[in-house]
Amino acid sequence: MKRVRMTLRVNGEEQEVLFHSYKTLLEVLREELNLTGTKHGCELGECGACAVLVDGAPVLSCLELAVRCEGREIQTVEGLARGTELHPLQAAFADCGGSQCGYCTSGMLMTAKALLDKEPSPSRERIKEAISGNLCRCTGYQQIWESIEEAARRMQEAKP
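Residues numbered from 1 in each chain as written. Predicted model: local features only at pLDDT ≥ 70, side-chain atom pairs only at ≥ 80, totals over all residues. Heavy atoms only, no water.

1. Focus on the nonpolar core
And step 1. Ranked by internal contacts, the top residues of the largest apolar core, which has 22 residues, are L89, F93, M108, I144 and I148.
And step 2. Mapped onto this core, the elements with two or more residues apiece are α2 (88-96), α3 (105-118) and α5 (142-158).
And step 3. In contact with M108, other than residues within four places in its own chain, are F93, I131, N134, L135, C136, Y141 and I144. (Core = buried A, V, L, I, M, F, W, Y, C linked by side-chain atoms within 4.5 Å. Buried < 20%, exposed > 50% of the residue type's maximum accessible area, 1.4 Å probe, protein only. Helix = DSSP H or I, 4+ residues; strand = E, 2+ residues; numbered from the N terminus. Contact = heavy atoms within 4.5 Å.)

Right, dumping it as structure tokens:
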């Protein structure tokens with residue numbers, strides 16, 4: 001089996017990694033870079049637990065080959081916080097009860113971040129549409145929608 005050596009830019013840092021060419025981005029993030037915040041879910045692209053941002057857009061990392069990500073900016077949930085300061089989405093999810101078991105949370109956070117980066121004040125309907133590919137079995141979604149709305153509000157208030 002062919003192994004590939006390449007440099008991936010993950011969470012703002014260049015990471016040199018050696019992996020088999022058939023590995024998905026999910027597998028490389030978790031197994032080679034020890035970034036386990038991105039979750040194995042269905043591995044069929046149906047649940048959204050593995051969502052990361054690639055060049056600012058949500059990507060299901062279980063379906064994306066890692067070799068296709070060279071030269072692209074990859075962001076995982078580990079890259080949201082700045083030191084000990086949580087990203088407003090993380091803080092709002094904690095404050096509003098946006099996660100229970102937490103398994104879907106990293107995918108929800110990354111998908112919501114992509115939305116808020118493009119649409120700072122999305123409607124409830126737009127939030128529902130944006131995270132429609134992220135499945136949660138615990139919260140019933142109400143707290144997730146409220147968490148994203150609260151994060152959007154906080155981010156707007158923090159702008160100069």
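Let us keep going from here.
2. What to know about the sheet that holds strand β5 (residues 73-75)
And step 1. What the 5 strands build is an open sheet, ordered β2-β1-β5-β3-β4; its pairing is mixed. The two strands at the open ends of the sheet, each matched to only one other strand, are β2 (13-20) and β4 (57-60). In this sheet, adjacent strand axes meet at a mean angle of 45° when their direction is disregarded.
And step 2. Where strand β3 (residues 51-54) meets β4, 4 bridges bridge the pair, whose relative direction is antiparallel. Residue pairing for β4: V54 is matched across the bridge by A57.
And step 3. Lying on the sheet, helix α1 (residues 25-32) is in contact with β1 (3-10), β2, β3 and β5; it crosses β2 at an angle near 105°.
And step 4. In the packing of α3 onto the sheet, the strands contacted are β3, β4 and β5, and the crossing angle to β3 comes to about 35°. (Pairing = 2+ DSSP bridges. Axes fitted to C-alpha atoms, helices over the stretch in contact; angles between N-to-C directions.)

3. Focus: the side chain of H20
And step 1. Tracing the sequence through the fold places H20 in strand β2.
And step 2. Leaving out residues up to four positions away in the same chain, H20 has contacts with M1, K2 and R3.

4. A look at the packing of α3 against α5
And step 1. Running from amino to carboxyl end, α3 crosses α5 at an angle of 45°, the nearest separation of the two axes being 11 Å. Taken together, α3 and α5 sit at an angle that is classed as oblique. Where α3 crosses over α5, the handedness of that crossing is right-handed. Counted together, M108, A112 and L116 of α3 and I144, I148, A151, A152 and M155 of α5 form the full contact between these two elements.
And step 2. Across the contact of α3 with α5, the residue classes tally to 8 nonpolar, no polar and no charged. (Parallel < 35°, antiparallel > 145°, perpendicular 65-115°, else oblique. Left-handed = near helix turned anticlockwise from the far one by under 90°. Nonpolar A, V, L, I, M, F, W, Y, C, P; charged D, E, K, R; others polar.)

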